[in-house]
Amino acid sequence: MDKALNYLALGKKGRLAELGEEPVGAVARAVKARLVIVASDASDHTWRRAKSFVAGTDQQCIRVSYTKEELGFVVGRTSLAIAAFTDAALALAFVQALPDAERFGDVIQKLDEKSRKLRQRREEAKSHQRNIRTGKKK
């Protein structure tokens, strides 16, 4: 199996990916989708809907070279036309693992930036919690 598809399966198992039009729309409206992917053989209507979900936000949307059946197979469905990653690092790993990743240079750059910012915020929060704990002991 393809490495990128493994990331999609991992996202589903770790609840870091939403599958299907309704869940993807809900997570995109909440501005929690980092990357929306659409199957190569999905209808033009699905592609337009995916783009409209992320319009006006910094969420990314790409059309991948996998078919609905290939995407569906890795997540235990008969087919899957649209999915969304809610974790920036996993979304970045997915795009970088794509066979045609060079097509998505701008998406990779934006996801890398978002991933670095989120990692920095987590580290700052941990540092803050350590400061609070050491401050209480004194």
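Worth saying up front: this structure is predicted, and the values here are computed from it rather than measured. Every chain is numbered independently, its residues counted from 1 as its sequence is written. Two thresholds apply to this predicted model, a pLDDT of at least 70 for residue-level local features and 80 or more for giving and counting side-chain atom pairs, whereas whole-chain, interface and lining totals are computed over all residues. Values reported for side chains reflect all heavy atoms of the structure, with hydrogen atoms and water molecules removed beforehand.

A. Main features of the sheet that holds strand β1 (residues 17–19). Paired strands are those between which DSSP finds at least two bridges. Only DSSP runs of H or I covering at least 4 residues are called helices, and only runs of E covering at least 2 are called strands; the numbering of each starts at the N terminus. One open sheet holds the four strands; their spatial order is β1-β4-β2-β3, and the pairing between them is mixed. The open sheet terminates on both sides in strands that have one partner only, identified here as β1 and β3 (60–63). Ignoring strand direction, the axes of neighbouring strands in this sheet form an average angle of 20 degrees. Examined bridge by bridge, β1 and strand β4 (residues 82–85) share three bridges and lie antiparallel to one another. Directly across from L19, in β4, lies its bridge partner A83. Sheet contacts for helix α3 (residues 44–54): β2 (35–38), β3 and β4; angle to β3, the most-contacted strand, approximately 165 degrees. Only the stretch in contact is used when a helix axis is fitted, and all axes are lines through C-alpha atoms; the angle between N-to-C directions ranges over 0 to 180 degrees. Contact definition: two residues touch when any of their heavy atoms are within 4.5 Å.

B. Broad picture of the packing of helix α1 (residues 3–13) against helix α5 (residues 88–97). At a minimum axis separation of 7 Å, α1 and α5 run at an interaxial angle of 160 degrees. With respect to α5, the element α1 is oriented roughly antiparallel. Note on packing geometry: the crossing formed by α1 with α5 is left-handed. For the pair formed by α1 and α5, the contact residues are K3, A4, Y7, L8, L10 and G11 on the first element and L90, A93, F94 and A97 on the second. Considering only residue class, the contact of α1 with α5 consists of eight nonpolar, one polar and one charged. Reported orientations rely on four angle classes, namely roughly parallel under 35 degrees, roughly antiparallel over 145, roughly perpendicular from 65 to 115, and oblique for the rest. Each crossing gets its hand from how the near helix is turned against the far one by less than a right angle, where anticlockwise is left-handed and clockwise is right-handed. Ten residue types, Ala, Val, Leu, Ile, Met, Phe, Trp, Tyr, Cys and Pro, are classed as nonpolar, four, Asp, Glu, Lys and Arg, as charged, and the remainder, Gly among them, as polar.

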